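Residue-level listing of the chains:
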Amino acid sequence: MKTKKRFRTSAIAQLLSLSAVLSMGTLAAVEPPRPNIVVFLADDLGWGHVGWQNPKVKTPNLDRLAVQGVRLDQHYVACLCSPSRVAFNTGRYWSRFGCNSWTDAPQVMPTGTETVASALKSVGYRTGMVGKWHIGTGLDFGPEAFGFEYYYGIRRGGCTPLTHKWRGVGDSVLYRNKQIVEEPGHVTDLFAREAVKWIGSEKGRPFFLYLAFTSPHVPLLESARWMDLYKESAPDQSHQLYWAAISHLDDAVGQVVAEVERLGQRENTLFIFLSDNGAPGQGNLMQVDADKEAYLNVILPGECLPFRGHKGQLYEGGIRTPALVNWSGHLKPGVCATPLHVSDWMPTLCALGGYKATRDLKWDGTNIYPILAGESPAQNRVLYSKNLFGLNRDVIEDPWKLIITKEGEQELYNLAEDVGEKHNCASEHPEVVQRLLADMKAAAVRDDDANPNRVKKASQPTPAQLNEIIKQNE
Ligand SMILES: [Ca+2]
């Protein structure tokens, strides 16, 4: 039975507030635990493509974390790669940085931006990143510049899984710190190996590991070990390949968890699993210019049932992705139905790590640990998002969601009654539309206040050009 970590009566909320006030003196004297933190980020893994949401998909390691942890039923990200990553790392909406779409710009965040890694490092954490950065391809604007002591991975949008090249041509795009490396192996296995090695490389300091997989983003190439898992059960080759890649990723997650257990750190370690956007619905060959015959020529799944839409769209399928948090012995198993946002993790992890900002970091996110722990009622908040070069926007205020499309149309949905976003009720609730438009306008005030690449509006693509770019690129 679902345990909703959302308090529905004001009486309970008042009681909790009162008890919080009464116990403040006691709480203030208690040192908070400082857990190790491991964040797994999948790339293009949509709703309904993990085992705990769909028994056809074999993800035993993630399922264990989900069932024994807190499943986040309404966790929002951007509809594309780079924006979600900016928000996770900074606690701010991506639009503050002008990062409203995928980008291979050398710099995405201003030098000196406080990130989860730099904050935790400043309070004694060991910080390591393995995997896809994608928020600044320049060597001076990579993970090393934003608080990570160790880095192994790729700085741009993707690579071929076995040759580790952008679109399969040129040099390797795999780095260890600032050195390009060439080594054999599937990128998912290399990331697992590197993460496991890094975790055990030092004792003493608590650690923060950010493991951002390139999978199941195109191009996918999986061996028989993973493909055979779905030989009989997948409805088609597209699902067979996508799910094989996800099971492979799950195995990497299992290796990291096993290493943490081996080191006796299981109860001292908080695990988070997220995906940066919905299922792709894109051609597997889209980013391959060499050895095309090695890859399955299929369109990868784009359905994120029961939601509408997929990657690149603001419907739930594009921005509401599988997510969980697990901290054995600290967080009770259950389901959190509160709307949460990827920008919430920085304030949350900073609070758990004992970091206190000495200047205003202008966070849009908020510390959600009290909600996850069932200690605090859900907040009534507005979640704002600007996407696809700023051409489409949305605002969510439970249960309402207003989308302004790139054509300028208004779409209003009541997510509590219509999670599939089938019925645009904007004309039935003009007052809600007006309120949410005002919220959107207020939230947009700080957009671009940390944008190192200010782009003039005139240079942004038109909707027609945009559709073409989307088709050609991601
Ligand atoms: Ca992605």
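The rules we used
Residues numbered from 1 in each chain as written. Predicted model: local features only at pLDDT ≥ 70, side-chain atom pairs only at ≥ 80, totals over all residues. Pairing = 2+ DSSP bridges. Helix = DSSP H or I, 4+ residues; strand = E, 2+ residues; numbered from the N terminus. Contact = placed C-beta atoms within 7 Å. Axes fitted to C-alpha atoms, helices over the stretch in contact; angles between N-to-C directions. Buried ≥ 20, exposed ≤ 12 C-beta atoms within 10 Å, placed from the backbone. Parallel < 35°, antiparallel > 145°, perpendicular 65-115°, else oblique. Nonpolar A, V, L, I, M, F, W, Y, C, P; charged D, E, K, R; others polar. pLDDT = per-residue confidence, 0-100.

Things to note about the sheet that holds strand β1 (residues 36–42)
Right, on to step 1. In spatial order, the strands read β7-β6-β5-β4-β8-β1-β9-β10-β2-β11; together these 10 strands make up an open sheet with mixed pairing. Lying at the two open borders of the sheet, with one neighbouring strand each, are β7 (179–180) and β11 (334–336).
Right, on to step 2. Pairing of strand β4 (residues 126–132) with strand β8 (residues 207–212), which is carried by 6 bridges, proceeds in the parallel orientation. Bridging from a neighbouring strand, R126 pairs with F207 of β8.
Right, on to step 3. Of the strands in this sheet, β1, β8 and β9 (269–275) touch helix α8 (residues 237–262), which is tilted by about 175° from β1.

Some points on unusual backbone geometry
Right, on to step 1. That bond from S215 to P216 is cis: its omega, 0°, falls within 30 degrees of zero.
Right, on to step 2. With respect to the helices and strands, the residue P216 is situated in the loop between β8 and α7 (224–227).
Right, on to step 3. Of note in this structure, H134 is not a glycine but carries a positive phi near 60°.
Right, on to step 4. Among the secondary structure elements, H134 is positioned in the loop between β4 and β5 (150–154).
Right, on to step 5. Accessibility expressed as a C-beta count within 10 Å gives 28 for H134, which makes it buried.

What to know about the environment of A416
Right, on to step 1. Relative to the elements of secondary structure, A416 occurs in the loop between β16 (410–414) and α12 (430–443).
Right, on to step 2. Sequence separation between A416 and P399 is 17 residues, and the spatial gap between their C-alpha atoms is 5.5 Å.

Focus: the packing of helix α3 (residues 60–67) against α8
Right, on to step 1. Following both chains from N to C, one finds α3 and α8 inclined at 60°, their axes separated by 7 Å at the closest point. When the axis of α3 is compared with that of α8, the two are oblique. Taken together, the residues of α8 that come into contact with α3 (itself represented by P60, N61 and L62) are D250, V253, G254 and V257.
Right, on to step 2. Of the residues in the contact of α3 with α8, the class split is 4 nonpolar, 2 polar and 1 charged.

Examining the confidence of the model for the protein chain
Close inspection of predicted coordinates is inappropriate in any region flagged by low pLDDT.
Right, on to step 1. Looking at the protein chain, pLDDT values average 91 and 89% of them are 70 or higher.
Right, on to step 2. Note on residues 1–30: pLDDT is under 50 here. Beyond four places in sequence and across chains, it has 22 contacts.

With respect to the pairing of β1
Right, on to step 1. Of all 7 residues in β1, 7 are buried; the element is thus mostly enclosed.
Right, on to step 2. Residues of β1 alternate between two faces, with N36, V38, F40 and A42 on one and I37, V39 and L41 on the opposite face, all of them buried.
Right, on to step 3. Two elements, β1 and β9, share 7 bridges in a ladder whose sense is parallel. Counted as the bridge partner of V39 is I272 from β9.

As for the packing of helix α6 (residues 187–199) against α8
Right, on to step 1. The contact between α6 and α8 brings their axes to 9 Å, and the two run at 10°. For the element pair α6 / α8, the angle class is roughly parallel. The residues of α8 that touch α6, namely those facing T188, F191, A192, A195, V196 and I199, are H248, L249, A252, Q255, V256, E259 and V260.
Right, on to step 2. Considering only residue class, the contact of α6 with α8 consists of 9 nonpolar, 3 polar and 1 charged.

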